[in-house]
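Listed below are the residues making up each chain.
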Amino acid sequence: MERLLINSQTKVQRVSLAFSRFLLKKIDWSQRLIAINGARGAGKTTLLLQYAKKYLKTDGSSLYISLDDLYFMEHSIRELAEEFYLAGGQVLLLDEIHKYPNWSRELKLIYDDFPDLKVVFTSSSILEIYKGESDLSRRAVSYLLPELSFREFIELETGISLPVSSFDQIIENHVDLSSRLIGEIQPVSLFQKYSKWGAYPFFKEGKDVYLDKLRKTVQLILEVDLMAVENMDYETVFKLKKLIRLIATSVPFTPNVSELSQKTGISRPSLLRAFDLLERARILQTLHKPNAGVGALTKPEKLYLSNSNLLYALGEENVNVGTIRETFFSNQLKLVSTVNLADKGDFLINEKWRFEIGGRNKSSKQIKDLPDSFVVRDDIEMGVKNIIPLWLFGFLY
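Residues numbered from 1 in each chain as written. Predicted model: local features only at pLDDT ≥ 70, side-chain atom pairs only at ≥ 80, totals over all residues. Heavy atoms only, no water.

Caption draft 1: Highlighting unusual backbone geometry. A positive phi angle, close to 65°, is found at Asp379, a residue other than glycine. Positionally, Asp379 belongs in the loop between β11 (373–377) and β12 (387–389). Note on Asp379: relative accessible area 28%, which makes it partly exposed. Within the chain, Lys385 stands out as a residue other than glycine whose phi angle is a positive 50°. Its place among the elements puts Lys385 in the loop between β11 and β12. We classify Lys385 as exposed; its relative accessible area is 73%. (Helix = DSSP H or I, 4+ residues; strand = E, 2+ residues; numbered from the N terminus. Buried < 20%, exposed > 50% of the residue type's maximum accessible area, 1.4 Å probe, protein only.)

Caption draft 2: Layout of the sheet that holds β12. The 5 strands lie next to each other as β8-β9-β10-β11-β12, forming an open sheet whose pairing is mixed. Edge positions in the sheet fall to β8 (339–341) and β12, since each has one partner strand and no second. Strand-to-strand, the axes of this sheet are offset by a mean angle of 35°, without reference to chain direction. Pairing of β11 with β12 involves 3 bridges; the strand directions are parallel. Bridge pairing in β12 places Val376 opposite Ile388. Here helix α7 (residues 167–181) sits on the sheet in contact with β9 (347–349), β10 (353–358), β11 and β12, set at roughly 80° to β12. (Pairing = 2+ DSSP bridges. Axes fitted to C-alpha atoms, helices over the stretch in contact; angles between N-to-C directions. Contact = heavy atoms within 4.5 Å.)

Caption draft 3: Expanded view of the environment of Phe355. By the secondary structure assignment, Phe355 is in strand β10. Owing to a relative accessible area of 0%, Phe355 belongs among the buried residues under this scheme. Spatially, the C-alpha atoms of Phe355 and Phe374 are 4.9 Å apart, while their sequence positions differ by 19 residues. Among all residues touching Phe355, those that are not within four sequence positions of it are Phe167, Ile171, Phe329, Gly345, Asp346, Phe347, Ile349, Phe374, Val376 and Phe393.

Caption draft 4: Representation of the nonpolar core in the model. Membership of the largest hydrophobic core comes to 106 residues, with the highest contact counts inside it found for Leu94, Phe150, Phe329 and Phe355. When residues in this core are grouped by element, the largest group, 9 residues, is from helix α9 (residues 210–230). One finds Ile27, Ile34, Leu93 and Tyr143 within the second-largest nonpolar core, a separate group that totals 23 residues. (Core = buried A, V, L, I, M, F, W, Y, C linked by side-chain atoms within 4.5 Å.)

Caption draft 5: Layout of the sheet that holds strand β4 (residues 118–124). If you trace the 5 strands from one edge of the open sheet to the other, you get β2-β3-β4-β1-β5, paired in parallel fashion. The open sheet terminates on both sides in strands that have one partner only, identified here as β2 (62–66) and β5 (141–145). Neighbour-to-neighbour, the strand axes of this sheet turn through a mean angle of 15°, independent of strand direction. With 5 bridges joining them, β2 and strand β3 (residues 91–95) adopt parallel strand pairing. In the sheet register, Ser66 faces β3, and the bridge partner there is Asp95. Sheet contacts for helix α4 (residues 77–86): β2 and β3; angle to β3, the most-contacted strand, approximately 155°.

Caption draft 6: Highlighting the packing of aromatic side chains. Following the criterion strictly, the structure yields 28 aromatic pairs and no others. Between the aromatic rings of Trp197 and Phe203, the centroid separation amounts to 5.7 Å while the plane-to-plane angle is 45°, which identifies the pairing as tilted. With relative accessibility at 13%, the residue Trp197 sits in the buried group. When its relative accessible area of 0% is taken as the criterion, Phe203 is described as buried. Ring plane angle 35° and centroid distance 6.3 Å describe the contact between Tyr304 and Phe347, whose orientation is recorded as tilted. Pair noted here: Tyr304 is in strand β7 (residues 302–305) and Phe347 is in strand β9, with a separation of 43 residues, a long-range link. Using a relative accessible area of 2% as the deciding quantity, one classes Tyr304 as buried. Look at Phe347 and you get buried, because its relative accessible area is 0%. Here the aromatic cluster, defined as three or more aromatic residues joined through ring pairs, consists of Phe150, Phe153, Phe191, Tyr194, Trp197, Phe203, Phe328, Trp391 and Phe395. (Phe/Tyr/Trp six-rings, centres within 6.5 Å; stacked < 30°, edge-to-face > 60°.)

Worth remembering: the numbers are spatial, not functional.
Shown next, in the form of structure tokens:
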């Protein structure tokens, strides 16, 4: 236990508080069991350590440990919790819980046996806490840490902290919001950078190697996280790589399930299941029309990669500017709104607001005379009336 406490304190002391993800202030840290899930590389480990540094005491009453620590070769999570609790422990921070085989059952035991012990754990976004061996959905409060928003990227890249804007604020006051923001930043130039290498915090480790690191991150999601959570074999993982490559090189991808099944060697039911898994892994986004029914066995109407950086990393020379725009818009809106495909226009938000996405000269003829409709344009700093700059939707979180 002494070694674990020393390692924990060292990691906590070393983490910087200069920049923190939006979720650090959103989580209700008073809850007894908190789950933080998200894509690999989104910053879950840093978030745990920042929570410890900012809010917890340094007297040994809190402990951070990753589930790939050698300690778990001989000990269980339940044993760790008991020893820590008996030594006066109050807050246990467990990183990458999906790497431990009996995680749900042991977390349930800890929750029931040590009512004064708070547990915060991170997991791959693939993991569904209610599908474990023991249902934790009634015990754990779950939060998603997505990729960086455009607003967060600006803060991490420039040091300029800017406020969040709600969806309603953007559609009602976008001219005033844009006017204030362009007094502090050059949004179009920053957006071009963000689109290529700004969705994950590890861009700070070097922009020249960023896309290569992102490709390796996707490989780890498929070969480590998916296999840990879903017990997949290497042949299936290889087929998923082929599927992702096909989607990444399309503009954007309207899936023909029969054709995809032939090209990838994945059966139709398995293919629909794969779409669901890859969306939970935050590699894909699936889009449906409203009232079409959404589920693991429902064919999506359109597929995008989760964010535009993945297009550059996986699509390489096949990156299409229109796909980048639509991918960004859907990615940023999905965290705070219901996003569907529209019958007229590109997207229907919250089953009310229609949006047509395009470049500087995009017209509004497709949604002309339709109520609650907007044109979203790339490469402009400010809009007018129902024309909104695309980058502004990066301020939603």
